[in-house]
Amino acid sequence: MAQNMTVCGNGFVECLEVFGNDLTVVNAARVSFAKESKEFTNQDARLVKYLARHNHVTPFFHPQVRFRIKMPIFVAREWYRHQIGFARNEVSRRYVDTPPEVWQPTAEEIRARDPRAKQGSKDCPVESCVDVYNIMKTAQDDALKTYSDLLAAGVAPEIARAVLPQSMLTEFIETGSLAAYARLCKLRLDPTAQKEIRDFAGAVEKILYAHFPVSWAALMDSDVSAPVLAPAPAPAPALTGESSMNVIM
Ligand SMILES: Cc1cc2nc3c(=O)[nH]c(=O)nc-3n(C[C@H](O)[C@H](O)[C@H](O)COP(=O)(O)OP(=O)(O)OC[C@H]3O[C@@H](n4cnc5c(N)ncnc54)[C@H](O)[C@@H]3O)c2cc1C
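Residues numbered from 1 in each chain as written. Predicted model: local features only at pLDDT ≥ 70, side-chain atom pairs only at ≥ 80, totals over all residues.

Visitor: How do you make sense of the overall build of the protein chain when you look at a structure like this?
Guide: Counting its secondary structure elements, the protein chain contains 9 helices and 7 strands. Look at the contacts in the protein chain between residues 6 or more apart in sequence, and 70% of them connect residues 24 or more apart. (Helix = DSSP H or I, 4+ residues; strand = E, 2+ residues; numbered from the N terminus. Contact = placed C-beta atoms within 7 Å.)

Right under this line is the structure:
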């Protein structure tokens, strides 16, 4: 089972702890009717799909997953915009002054600008990508050297860090619910999201799919990007057939 994945060269997504499984979702829902499943059945799978499809999201809040993630600052800025359902603690460059690491794309990974602004970049490298690579590398190396020079001159790490680039890697521990990760992954796996954040979301998705195959597939197939606080869907039409939550439960 995928637990530790390298992403973007020197970044990673490491799964530290998992609380629950597909049955956790089912039993969170079944408590409404004072029922409990001991083993995951086909009927349970149908219930999970029903819950996801009708935006009954609270049962998906119960499974929790804890990751250790290392990613460039500019990706973390986007990642941290997803707040509801997450807890995070991050390394502090006020207290830590070990040599920073930076994300350095290969020459081929330095994508060209797309004239259609919303696309962010083309799929292909910029012209003269090798020259551009050298320019980027020199700028990053200079920043790292300046940082180290400032520390050597007695500057406090909390001030010296001001010269570090957005490509610097940061590391944090993040705990989130299955529902929160599904929302994040749906938004950040979309082709309109930047490739680097898509890569991190893809790693998280692989791990979560391995642990919660039925729930994850159901969530990713539903509109989990709809507001969490949306009003409950209209009541199920009848008390017969699989379209009724009452009957399924
Ligand atoms: C492709 C892409 C491009 C983006 N571009 C930009 C950009 O250019 N600039 C920018 O600033 N952001 C940008 N964002 C970030 C975006 O605006 C959201 O902040 C981010 O996607 C997190 O959304 P979320 O629904 O997971 O947020 P969360 O904060 O985790 O909220 C989850 C849900 O809780 C509810 N909620 C949260 N807070 C409130 C509230 N105050 N009131 C009512 N309901 C609430 C909403 O239903 C919300 O969807 C971009 C995101 C993507 C995916």
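So that's the structure; there's more coming.
Visitor: Sorry, what's going on with helix 1 (residues 22-30) here?
Guide: Every α-helix carries 3.6 residues per turn, so stepping three or four residues along brings you back to the same face. Looking at helix 1, one finds that the buried residues are Asp22, Leu23, Val25, Val26 and Ala29. For helix 1, the arc enclosing every buried residue in end-on projection is 155°, short of the 170-degree limit, so these residues lie on one face. On its buried face, helix 1 is in contact with helix 2 (42-53) and helix 8 (213-220). (Buried ≥ 20, exposed ≤ 12 C-beta atoms within 10 Å, placed from the backbone. Arc of directions from axis to C-beta.)

Visitor: Is there a simple way to explain the sheet that holds strand 2 (residues 11-19) in this structure?
Guide: Reading across from one edge, 1-2-3-7-4 is the order of the 5 strands in this open sheet, with antiparallel pairing throughout. The outermost strands of the open sheet, each flanked by one partner alone, are strand 1 (4-7) and strand 4 (86-90). Strand-to-strand twist across the sheet, computed as the mean angle between neighbouring axes with direction ignored, equals 20°. Sheet strands touched by helix 6 (residues 178-188): strand 3 (64-72), strand 4 and strand 7 (169-177). Its angle to strand 7, the strand with the most contacts, is close to 125°. Against the sheet, helix 7 (residues 195-211) makes contact with strand 1, strand 2 and strand 3, and its axis sits at roughly 30° relative to strand 2, the strand it touches most. (Pairing = 2+ DSSP bridges. Axes fitted to C-alpha atoms, helices over the stretch in contact; angles between N-to-C directions.)

Visitor: Would you take a moment to explain the nonpolar core for this structure?
Guide: Among soluble globular proteins, nonpolar side chains are generally buried collectively. With 45 residues, the main nonpolar core has Tyr181, Phe200 and Val204 as its most contacted residues. Elements with a contribution of two residues or more to this core: strand 2, helix 1, helix 2, strand 3, helix 3 (73-79), helix 6, helix 7 and helix 8. With sequence-adjacent residues up to four places away left out, Phe200 is seen in contact with Val7, Val13, Met71, Val75 and Trp79. (Core = buried A, V, L, I, M, F, W, Y, C linked by C-beta atoms within 7 Å.)

Visitor: Even after reading the chapter, I still don't get the packing of helix 2 against helix 8, so can you show me in this structure?
Guide: For any two helices packed against each other, one specifies the crossing angle of their axes together with the interaxial distance. At a closest axis distance of 8 Å, the pairing of helix 2 and helix 8 adopts a crossing angle of 30°. Of the possible angle classes, the one that applies to helix 2 and helix 8 is roughly parallel. Pair helix 2 / helix 8 crosses with right-handed handedness. Packed against helix 2, whose contacting residues are Ala45, Val48, Lys49 and Ala52, the element helix 8 presents Val214, Ser215, Ala218 and Leu219 at the interface. Counted by class, the contact of helix 2 with helix 8 contains 6 nonpolar, 1 polar and 1 charged residues. (Parallel < 35°, antiparallel > 145°, perpendicular 65-115°, else oblique. Left-handed = near helix turned anticlockwise from the far one by under 90°. Nonpolar A, V, L, I, M, F, W, Y, C, P; charged D, E, K, R; others polar.)

Visitor: Can you help me understand unusual backbone geometry in this one?
Guide: Backbone geometry follows two general trends: most residues other than glycine have a negative phi, and most peptide bonds adopt the trans configuration. Here Cys8, not a glycine, exhibits a phi torsion of approximately 55°, which is positive. With respect to the helices and strands, Cys8 occurs in the loop between strand 1 and strand 2. At Ala34, a residue that is not glycine, the phi angle is positive and equals roughly 55°. Its place among the elements puts Ala34 in the loop between helix 1 and helix 2. Given 6 C-beta atoms within a 10 Å radius, Ala34 is considered exposed.

Visitor: I'm lost on the confidence of the model for the protein chain in this one. Help?
Guide: Should pLDDT be low for a region, the predicted coordinates there are not to be read in detail. Residues with a pLDDT of 70 or more make up 88% of the protein chain, whose mean pLDDT is 89. With pLDDT under 50 throughout, residues 226-249 is counted as low confidence; its partners more than four residues away or in other chains account for 30 contacts. (pLDDT = per-residue confidence, 0-100.)

Visitor: Before we go on, may I ask you to explain the environment of Asp131 in this structure?
Guide: Along the polypeptide, Asp131 turns up in helix 4 (residues 129-152). Overall, Asp131 belongs to the exposed group, with 12 C-beta atoms counted inside 10 Å. The sequence separation of Asp131 and Ala107 amounts to 24 residues, and the corresponding C-alpha distance is 8.3 Å.

Visitor: Would you explain the packing of helix 6 against helix 7 in this entry?
Guide: Across the interface, helix 6 lies against helix 7 with an axial gap of 9 Å and an inter-helix angle of 140°. Comparing their axes, helix 7 and helix 6 come out oblique. The way helix 6 lies across helix 7 gives a crossing that is left-handed. Contact residues: Leu178, Tyr181, Leu184, Cys185 and Arg188 in helix 6; Ile197, Arg198, Ala201, Val204, Glu205 and Leu208 in helix 7. For the contact of helix 6 with helix 7, the class distribution of residues is 8 nonpolar, no polar and 3 charged.

Visitor: It is not clear to me how the pairing of strand 1 should be interpreted in this structure. Could you clarify?
Guide: Note on strand geometry: in a regular strand, side chains alternate between the two faces of the sheet. Judged from the 4 bridges that link them, strand 1 and strand 2 form a sheet pairing that is antiparallel. Bridging from a neighbouring strand, Thr6 pairs with Phe12 of strand 2. Here strand 1 folds back onto strand 2, and the loop between the two strands holds 3 residues, one of which, Cys8, carries a positive phi near 55°.

Visitor: Could you clarify how one ought to interpret the environment of Glu196 in this entry?
Guide: Looking at the element boundaries, Glu196 is found in helix 7. A residue is classified by how many C-beta atoms lie within 10 Å of it, and Glu196, with 19 of them, is partly exposed. A sequence separation of 189 residues divides Glu196 from Val7, and the C-alpha atoms of the two residues are 8.5 Å apart. With sequence-adjacent residues up to four places away left out, Glu196 is seen in contact with Cys8, Pro72 and Val75.

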